[in-house]
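Close look at the chain arrangement
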Amino acid sequence: MKGAYVKIRNCTQKDFFKLQEMDWAPLPKERDTIYLILTIEHAALSFVAEDREGSWQGVLLASRSTDGSSCFLNHLLVMSSSRSKGVGSALVEHLKVRCAEIGIRRIWFFTNQNNRAFYQRLGFEEDSSFLDEPLAEYARLHKGLVMAIHVQSIGTSR
Ligand SMILES: CC(C)(COP(=O)(O)OP(=O)(O)OC[C@H]1O[C@@H](n2cnc3c(N)ncnc32)[C@H](O)[C@@H]1OP(=O)(O)O)[C@@H](O)C(=O)NCCC(=O)NCCS
């Protein structure tokens, strides 16, 4: 990875307080219940990137579908002072590996046009084919891009 040292670890329940207090801009801050659910129920797919001193460089929060086959990337934020050093890419690659290990076949999320190139570089494509058409249309209108990657292709893309 280019740039600074980064250690990626799983989220724990203790991380809730920082997630609740931190500045999420430019992303919207969620109500506390969202961070509670993600740190209590989805810690296996939620990660913090830290520097050598343990300061947070970024955070990725994701959740697994009830049938276990897919993963929704809820939040990805790299602290402004840590951007363009490879931290965001490292967090997403970490998620891809973890998903491959536990049998998840698709990672998907909503994003905007500004982030398209970042995710394309990591192997994601615009893809809403797995959504019912009314939902796909709603997503296009209200959520921007739907992007996804098929995890079975991860082995060849890494
Ligand atoms: C998007 C984000 C997570 C990227 O994290 P990062 O650690 O800065 O990304 P990396 O250093 O791994 O970036 C790898 C490459 O993607 C590029 N890149 C980063 N963000 C980009 C963006 N929004 N659009 C296009 N390219 C982007 C970087 O320039 C870099 O390319 P380079 O080395 O040629 O300069 C980070 O900018 C961020 O937290 N943004 C605000 C919150 C946000 O938009 N989150 C995503 C919500 S879906």
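Residues numbered from 1 in each chain as written. Predicted model: local features only at pLDDT ≥ 70, side-chain atom pairs only at ≥ 80, totals over all residues.

1. A closer look at the site of the ligand
Surrounding the ligand, one finds 18 residues, the nearest of these being Val78, Arg83, Gly88, Ser89 and Thr111. Mapped by element, the contributors of at least two residues to the shell around the ligand are β4 (70-78), α3 (87-101) and α4 (116-121). Residues of the shell around the ligand, tallied by class, amount to 8 nonpolar, 7 polar and 3 charged. (Near = placed C-beta within 6 Å. Helix = DSSP H or I, 4+ residues; strand = E, 2+ residues; numbered from the N terminus. Nonpolar A, V, L, I, M, F, W, Y, C, P; charged D, E, K, R; others polar.)

2. What about helix α2 (residues 32-41)?
Since the α-helix advances by 3.6 residues per turn, residues separated by three or four positions end up pointing in the same direction. Those residues of α2 that fall on the buried side of the exposure criterion are Tyr35, Leu38 and Thr39. Along the axis of α2, the buried residues cluster in a sector spanning 90°; they form a single face. Exposed and facing more than 90 degrees away from the buried side of α2 are Thr33, Ile40 and Glu41. For α2, the secondary structure elements touched by its buried residues are α1 (16-21), β3 (56-64) and β4. (Buried ≥ 20, exposed ≤ 12 C-beta atoms within 10 Å, placed from the backbone. Arc of directions from axis to C-beta. Contact = placed C-beta atoms within 7 Å.)

3. Here's the deal with helix α5 (residues 133-142)
The element α5 is barely covered by neighbouring structure, given that only 0 of its 10 residues are classed as buried. Among the residues trailing α5, Gly144 stands out with phi positive, at a value near 85°.

4. What to know about the nonpolar core
Leu60, Leu91, Leu95, Ile107 and Met147 are the most contacted members of the largest nonpolar core, which totals 36 residues. The set of elements that each furnish at least two residues to this core consists of α2, β2 (47-50), β3, β4, α3, β5 (106-111) and β7 (145-150). With 6 residues, α3 is the largest single contributor of residues to this core. With near-sequence residues (within four places) excluded, Leu91 lies in contact with Ile8, Phe47, Ala49, Gly58, Leu60 and Leu76. (Core = buried A, V, L, I, M, F, W, Y, C linked by C-beta atoms within 7 Å.)

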